[in-house]
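# Structure at a glance
The chain contents come next:
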Amino acid sequence: MEFTQSSFQYFFAHFYGMFINVMSYCVTAAIFHYFLLPESEQFDIWYILIMTAGVIHYLITIYREGYKVIKLTENEFIYQDNKNIQRFSWDNFEGYKVSRMIPYDIIIKNKKYGKTKFSYFTFSLTQRRQILSLLQSKCN
């Protein structure tokens, strides 16, 4: 079976990632301000620097990644992320897990690459259910 990321899922996954990054940078700036600069007027400078770093990080991330494709055949697993292709046989498959921390990721463990990791929201709900059920069937 082949699962291709739709353009809506591409933008949704990036928006979700951007939202989590912006929130983490805002929380970091607020904590930094509270503990290190309580009497200072330089909070604006630090806040601007932290937010600028967040925007640059997001732009690098969004332009580095492209549409993703997963192909599950009887003999092998293929994950394509833009120009990078990770291919391994099911003999090298060691299991999978869904991370518990935000932002959620699906991590596929294999002997060849170690871990293949992509966002939980990379694929639609129906695609994600099918992928996870197929991976679960390979675990048994």
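Remember, it's a predicted structure, so these values are computed and weren't measured experimentally.

Our focus in this paragraph is the sheet that holds strand β4 (residues 84-89). An order of β1-β2-β3-β4 is seen for the four strands of this open sheet, with the pairing classed as antiparallel. Of all the strands in the sheet, the pair left with one neighbour each is β1 (2-4) and β4. Between one strand axis and the next, the sheet turns through 10 degrees on average, direction left out of account. Relative to strand β3 (residues 76-81), strand β2 (residues 68-72) is paired through five bridges, and the arrangement is antiparallel.

So, on to the pattern of salt bridges. Following the criterion strictly, the structure yields three salt bridges and no others. Across the salt bridge formed by R87 and E76, the nearest N and O atoms sit 3.6 Å from each other. Of this pair, R87 sits in strand β4 while E76 sits in strand β3, and the two are eleven residues apart along the sequence. Owing to a relative accessible area of 24%, E76 belongs among the partly exposed residues under this scheme. Among the salt bridges present, the one from K117 reaches D105, with a minimum N-O distance of 3.7 Å. You can see K117 sitting in strand β7 (residues 114-119) and its partner D105 sitting in strand β6 (residues 105-110), a full twelve residues away along the chain. D105 gets classed as buried once you look at its relative accessible area, which sits at 15%.

Before going further, it helps to spend a moment on the pairing of strand β5 (residues 93-98). Along any regular strand the residues' side chains alternate between the sheet's two faces. In this sheet, β6 lies alongside β5 in antiparallel orientation, the contact comprising five bridges. Across the sheet, residue V98 finds its bridge partner in β6, namely I106.

Moving on to the confidence of the model for the protein chain. Looking at the protein chain, the pLDDT average stands at 83 and 88% of residues meet or exceed 70. Per-element mean pLDDT across the protein chain ranges from 70 in helix α2 (residues 43-64) up to 94 in β5.

Conventions we followed
- Residues numbered from 1 in each chain as written.
- Predicted model: local features only at pLDDT ≥ 70, side-chain atom pairs only at ≥ 80, totals over all residues.
- Heavy atoms only, no water.
- Pairing = 2+ DSSP bridges.
- Helix = DSSP H or I, 4+ residues; strand = E, 2+ residues; numbered from the N terminus.
- Axes fitted to C-alpha atoms, helices over the stretch in contact; angles between N-to-C directions.
- Salt bridge = Lys/Arg side-chain N within 4 Å of Asp/Glu carboxyl O.
- Buried < 20%, exposed > 50% of the residue type's maximum accessible area, 1.4 Å probe, protein only.
- pLDDT = per-residue confidence, 0-100.

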